[in-house]
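If you want the building blocks of each chain, they are given just below.
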Amino acid sequence: MLKVDVLGRKLLGRLNYHSLSCKASVGVSSYIPGLRCKQRRSFYGDSANKDKNGGSPVHLKITIRDIESKYHNKTPIVMVTAYDILTSRCAHIAEVDTILIGDSLGMVIYGDPGTNRVTIEDMIRHSRAVTNVKHRFTPFIIGDLPFSAYLTPKDAVYNAARLVSEGNVDAVKLEGGRRVEPMVRAILRAGIPVMGHVGLTPQTAASLGGMKLQGNTAEPAVEIFESAKFLADLGCFSVVLEAIPHKVATHITQNISVPTIGIGAGPGCSGQVQVFHDIAGMFHKFVPKFAKRYALVGRQLEAAVESYRDEVVLNPYSNPVPKYLKLTGISDTSISQSESPSSNASSGHVDIGKERKNLKISVIGAGAMALWLMIRTLVEDGIVEGNLVKASVDKSFQATDANASVGVSSYIPGLRCKQRRSFYGDSANKDKNGGSPVHLKITIRDIESKYHNKTPIVMVTAYDILTSRCAHIAEVDTILIGDSLGMVIYGDPGTNRVTIEDMIRHSRAVTNVKHRFTPFIIGDLPFSAYLTPKDAVYNAARLVSEGNVDAVKLEGGRRVEPMVRAILRAGIPVMGHVGLTPQTAASLGGMKLQGNTAEPAVEIFESAKFLADLGCFSVVLEAIPHKVATHITQNISVPTIGIGAGPGCSGQVQVFHDIAGMFHKFVPKFAKRYALVGRQLEAAVESYRDEVTSGAFPMKHNSFAISQIQFQKYLKLTGISDTSISQSESPSSNASSGHVDIGKERKNLKISVIGAGAMGSLVAGKLASQGKYDVTLISSWEHHVKTINQSGLMIRTLVEDGIVEGNLVKASVDKSFQATDANEGVLRVTSPFQTLFKPEKGAVADVVFILTKGHSTRSAARTAATIVGPNSLVVTLQNGMGHAGRIREEMGEMATIVEGTISHGALLEGPGTVFHSGKGATIIGCSESSRFVSPGATQLVSEVLNNAGFDTVIADSPAILMNSQWLKLAVNSIINPLTAILGVKNGYLIGNPNIQDLSTRLGQEFLAVLRARNGFQFSVDDVEGVLQIVFDVANKTKMNTSSMLSDLNRCVQTEIDYLNGFLVREGKRLKVPVACNETITGIVKAMENFQRLKMKSESESKGRHQIGDQEELLAANKQTMLVKSIPEFRSVARRFATSGLRVGFVPTMGGLHEGHLQLVRESKRRCDVTVVSVFVNPLQFAPHEDFNSYPRDLTRDFELLQAEEVDFIFTPEASELVPSDPEVTLLVKGSENKPEGASRPHFFHGVATIVLKLFNIVKPTVSFFGQKDAQQCATVKQLVQSLNVDTEVVVCDTVRESDGLAMSTRNNYLNAEERKAAPVIYKALLAAENLFNQGQRDVAALRKVIEHHLSLEPMFELLYVAISDNFSMDEISELAPSLERDGVCISVAGKIGKTRLIDNIVLRSSKQR
């Protein structure tokens, strides 16, 4: 028997038993990153807790001695935070060494701004949850002592003992150095192990200058070193080092006697700790520098709740139970024709008269729907009649004999589409101009309205800041903070251990979310909180006043009558709950179906009716037969919310964790999973564990640096010389560098190719044809995908002049794959939508090739992020420059990126067929900015490509790779645009004198840009050399049509922006003339626009059916269109007008930030087409102001808007929009008498003039502005009203930074100190708002409190405080009731340094909010 031992990464060392001979076996070493294999042996498994036969342990509990053993063996210690049963379970399954129950739960669970609000009671409750997990492997568990728990030695030892005895932890952690000596000594004397924490200590961050890097100069670094050494000598078993330079952390680790655990301290520590939510990507919009995401769960959670919401709205319904009906005394005929009271009582059992008008009919599935529908009918052989049915977005319909129209619905299951309209958006809380609400809060009246309108009510449970945020984003109607948190958060067997304190704490977390849409929020009263009427009303009042909920829910029928009456008398809305009542499940026979025989069903009916008559606003029906639930719903006077009660209720509620598939091994019968997050969470923690163990995380880019001068000074002050630092900074990495030996054979790799253009289809087909790899092609071109799935992918190869061979690669939908020598090879084809929302178990790709066009790089990277693991390779072989950087921006550190160039000829002849027209070199490698990649990784990619017939060379250095990329750019930037403009094949360029001068000029500009890039040595010295290479390629591919010409012919976006456009941007940056490239770029883009408009015109005149493939290609290559001239945009606007599309318009001056992007998202939500203008308006700047220095970066702005999938960007030239001496401008009467106008008298005349011009050009249906510029918003509203401009003005909330500073392009002017002072404006405004909410209506008092707060900041220079009418912006001296209704705007302007900042807040009385 031959035994082979393999140690390496999952990707680079994976062997499959089926691929070995029957006489060979494989033993897999203890830690294989990313791979959970049967043979895995824990570090501890060889020596600890074995059973008496010497086998693996029945149960293994990690102890402090095991931690010490790992430290002495220089084996990395893996720690992760956990806060509840789910996160703890994932950590147990991943077999991490230690779990830290961190006081960071204050931020990631409860949404607090820091950790200091966490109490010892919180820590004990969550510690019990974490230690509730039953698993064969139990990590060493450490509990944080919160800030208030160790202020004195007596407090410290008492609370540490509570955390150990009540929370079941093994040790405690506390923050600080010498100042905590008495507390540490007291705890150690009690026999409780202590972990120290130095560097950045979040509990005392305010005294350290905030949550930022510590020890980046010598003296503070020495203080951290001495603190760590002191704690080690005192008896702490380990010390956490947080947010300090990696060299300092390495030095500390090597010179103290206990293990260090790093977070933001680099790879040189004895171990690492990370926050669970960072590892899993739960808060996907923020990743700390020192963290790494191993999954992107946050986006999937949001999508899961949205899909659940949409399905509830579209649910079908079913009929009732005869004996039960007889007992209730309500005959079968009294039941409405539909089981669903939420479906307009339409069951289909309708009396059909001779004529039926105004019926509402929905058809799901619109394969031929556009702006209209052409129906062509074959009436006789060869004779076809046509009938054009117009489309309408009008909500109202009244049948007439002349009517012929079809409306296209806004609710598409699982899809957030542009046309989606909220139930509430048409009627509730609109501003005075009828726009969308600035902030929409759902009330009990909205719930009643949905019930009476028979619209399904959507409810989901939420327990913390994350689940609540997902529910807010999905805009569900109601959130239930359920006592089910006892099971899904704390791991209790039922709900009865939940206390009112638990409910209040979690209710505060759920209501901590700030979002423009706030659901109606209901809090469960736990079992012990309403045993008497007095208890009930007291605890309900606490839940409302302390937990900020809108209503309470309690369980039971007639027995809870006194409690319900007491709560209702206190003015608190009550939701009832009958059927299965989990709090009293023991008396019902357990957690099982109720009412499945007639008598119990009648009792449930009577209980529900009794609660409705008593005054409950709604009743939950849990786990009862669906026919009974339907009957109850139709015969009580309030809405019912079902869970396990079928589709006949007024609404549905589901547990968040069930929707998201967090506990993936159990799904209740009545639940449905819309995601499979549980597996991903487990895999993420396992991947983190493996990377820490192998030394792959953290890398230096996850760490902080210290200057060499300061580090040498630090070493001198500590008295320990540099020579004592080992050659490796990581004592915990076992000298593992990631250089993994690659075997000679690699089978069963999972390979995904994103992008099914010519090159993507060719690469995927050639890889699949080998039969060695499990290959999936991901494409949004539906016709291509469908053709391949039906008929396979045909690869036609030119083997000699005129001789073509064909090879058909079969397609398969089989999920399994096993390589054999006999495999012909199969290819799976799927769409990005399926990849994102229907992930398969184990569907992690080992290698992902991104072969899309440049404009799709970011969306391709987002797709890749859903299918990669921590050891996956992402390979970009795209044309153009900068793609690796864009991929890295989207994916962070989720995968290793390999770059390269491929020079094969490929042409997509049609759906399902690709022509391989010529071979060339393929070069791969890694740039200097790439994350470290082992030679084994690039060798693997080379092996894969070589096996598929792409002769591949590995670049020995980043310089060689860069040379190949620039050579490819030279070829593409000359051949592609010239053939595209001339409409010729590549061979036409050879020896053609007509294009010689143009080619030479393009080559000269290319070399000029290259030479201006300091430090880069290009392999070609002169223009002749460049052109020789270009024309050699043109000769080899003389029969080819360039990809750019093909794109123009197919009316899809070209890569001009990433070829010549890149050279234009680089030339301008480096101040190198690039006029020829600029002209070429402009011509190609003009041709793109012309082709698109031409195609649309043909579509309108001939009918969609005649150019279906072009339409599908256009949809598959959805693009942002840049328009620079007024006449060109006028032609676009005319097409908007004739098509009846709703056009949203966001005017900007560039320098885009999140505030602008929120306006864009609101436009996309409300409108069919979104237009963004980028124009720095010279008319609104005075001569002394910052017009010339105003931030301009059109490239960045374009990328941001492209990522948001904006339809059109309008960037008119100043000379065209604003003549040098305009004869006509607008004068805004009285603007100079208003605060901002008095400060900038020229400003609003310029704003009004340009905005009116843009309105006239764009012709928007709706225009979007931000509240931050309050007087500008008022000016635009008055402009629209006074001049009868046909657009709706929508003002959206000010978007703020995390510290409250209003987002503004001018914030870029602030230096670090000024930026720190800037939030004082918002704090002052909030102080006035608090005073107003307390009843203060004196204008002078409000002004005084603002001025007082502003005066506390010495850097702030006040220009004005104004209190004005929100519509006219006229200053007021007193607050009249009408002003409170319409809103009072408090504005502040001032300077910090040289930067002028403005902000405002709108106050309304509580009745009007």
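Residues numbered from 1 in each chain as written. Predicted model: local features only at pLDDT ≥ 70, side-chain atom pairs only at ≥ 80, totals over all residues. Heavy atoms only, no water.

### Structural notes on the packing of helix α5 (residues 153-165) against helix α6 (residues 181-189)
As a reminder, the rule being used: All axes here are fitted lines through C-alpha atoms, helices being fitted over the stretch that makes contact, and every angle between N-to-C directions spans 0 to 180 degrees. Secondary structure follows DSSP: runs of H or I at least 4 residues long count as helices, runs of E at least 2 residues long count as strands, and numbering of each begins at the N terminus. Any angle that falls under 35 degrees is termed roughly parallel, while one over 145 is termed roughly antiparallel, one within 65 to 115 roughly perpendicular, and all others oblique. Helix crossings fall into two classes, left-handed where the near helix is turned counterclockwise from the far one by less than a right angle and right-handed where it is turned clockwise. We call two residues contacting when some pair of their heavy atoms lies within 4.5 Å.
The interhelical angle for the contact between α5 and α6, taken along N-to-C directions, is 40°, at an axis separation of 8 Å. The angle between α5 and α6 falls in the class oblique. Considering how the two elements wind past one another, α5 and α6 form a crossing that is right-handed. When α5 is examined against α6, the residues P153, A156, V157 and A160 are found in contact with a partner set consisting of P182, M183, A186 and I187.

### Some thoughts on unusual backbone geometry
The condition that has to hold: Accessibility here uses a 1.4 Å probe with only protein chains present; expressed as a share of the type maximum, an area under 20% marks a residue as buried, one over 50% as exposed, and anything in between as partly exposed.
In this structure, K74 takes a positive phi of about 55° despite not being glycine. Counting through the fold element by element, K74 comes out in the loop between α1 (64-72) and β4 (77-81). If you check the backbone angles, N1284 has positive phi at about 55° while not being a glycine. Tracing the chain through its elements places N1284 in the loop between α42 (1270-1282) and β43 (1288-1292). Among the residues examined, N1284 registers a relative accessible area of 67% and is labelled exposed.

### Let's talk about the confidence of the model for the protein
Quick reminder of the rule: The pLDDT value expresses, per residue, how confident the predictor is, ranging between 0 and 100.
Per-residue pLDDT for the protein has a mean of 78; in total, 76% of the residues score no lower than 70. In the model, residues 1-57 has pLDDT below 50 throughout and makes 124 contacts with residues more than four positions away in sequence or in other chains. Confidence drops under a pLDDT of 50 for residues 836-842, and excluding neighbours within four residues, the segment shows 9 contacts in the predicted structure.

### Digging into the packing of helix α7 (residues 218-234) against helix α22 (residues 708-718)
How we decide: Amino acids outside the nonpolar list (Ala, Val, Leu, Ile, Met, Phe, Trp, Tyr, Cys, Pro) and the charged list (Asp, Glu, Lys, Arg) are all regarded as polar, and Gly is one of them.
Closest axis-to-axis distance for the α7/α22 pair is 8 Å, and the angle between their directions is 45°. Considered as vectors, α7 and α22 are oriented oblique to each other. Between α7 and α22 the crossing geometry is right-handed. Only Q710, K713, Y714, L717 and T718 of α22 make contact with α7, whose side of the interface consists of A218, E219, A221, V222 and F225. Looking at the contact of α7 with α22 residue by residue, the classes come out as 6 nonpolar, 2 polar and 2 charged.

### Some words on helix α30 (residues 996-1012)
Structurally, the α-helix is built with 3.6 residues per turn, so residues lying three or four positions apart point the same way. Put simply, the rule reads: Each residue after the first adds 1.5 Å to the expected span of a helix.
Taking 1.5 Å of rise per residue, the 17 residues of α30 would be expected to cover 24 Å, and the 24 Å separating its terminal C-alpha atoms lies within 8% of that figure. Of the positions making up α30, those classed as buried are S999, L1002, G1003, E1005, F1006, L1007, V1009 and L1010.

### Quick notes on the pattern of salt bridges
Test applied: Each salt bridge in this description consists of a side-chain nitrogen of Lys or Arg and a carboxyl oxygen of Asp or Glu lying within 4 Å of one another.
Scanning the model with the defined rule gives 45 salt bridges in all. A salt bridge links E95 to R136, with the nearest nitrogen and oxygen atoms 2.8 Å apart. Note that E95 is positioned in the loop between α2 (85-94) and β5 (98-101) and R136 in the loop between α4 (120-130) and β6 (137-138), a separation of 41 residues in sequence. Taking the shortest distance from any N to any O, the salt bridge between D1299 and R1315 comes out at 2.8 Å. Placement of D1299 in the loop between β43 and α43 (1312-1317) and of R1315 in helix α43 is noted, with a sequence separation of 16 residues between them. Among the charged side chains, a network of salt bridges with common partners joins D112, R117, D122 and R505.

### Details of the sheet that holds strand β44 (residues 1356-1365)
The following threshold applies: Strand pairing is defined by DSSP finding a minimum of two bridges between the two strands.
Strand order in the open sheet formed by 3 strands is β44-β45-β46, with antiparallel pairing between adjacent strands. On the outer flanks of this sheet lie β44 and β46 (1395-1403), each paired with one strand and no other. Neighbour-to-neighbour, the strand axes of the sheet open up by a mean angle of 15°, direction not taken into account. For strand β45 (residues 1384-1392) and β46, the ladder comprises 9 bridges, and the chain directions are antiparallel. Of the residues in β46, the one forming a bridge with K1391 is R1396. Sheet contacts for helix α44 (residues 1320-1333): β44, β45 and β46; angle to β46, the most-contacted strand, approximately 20°.

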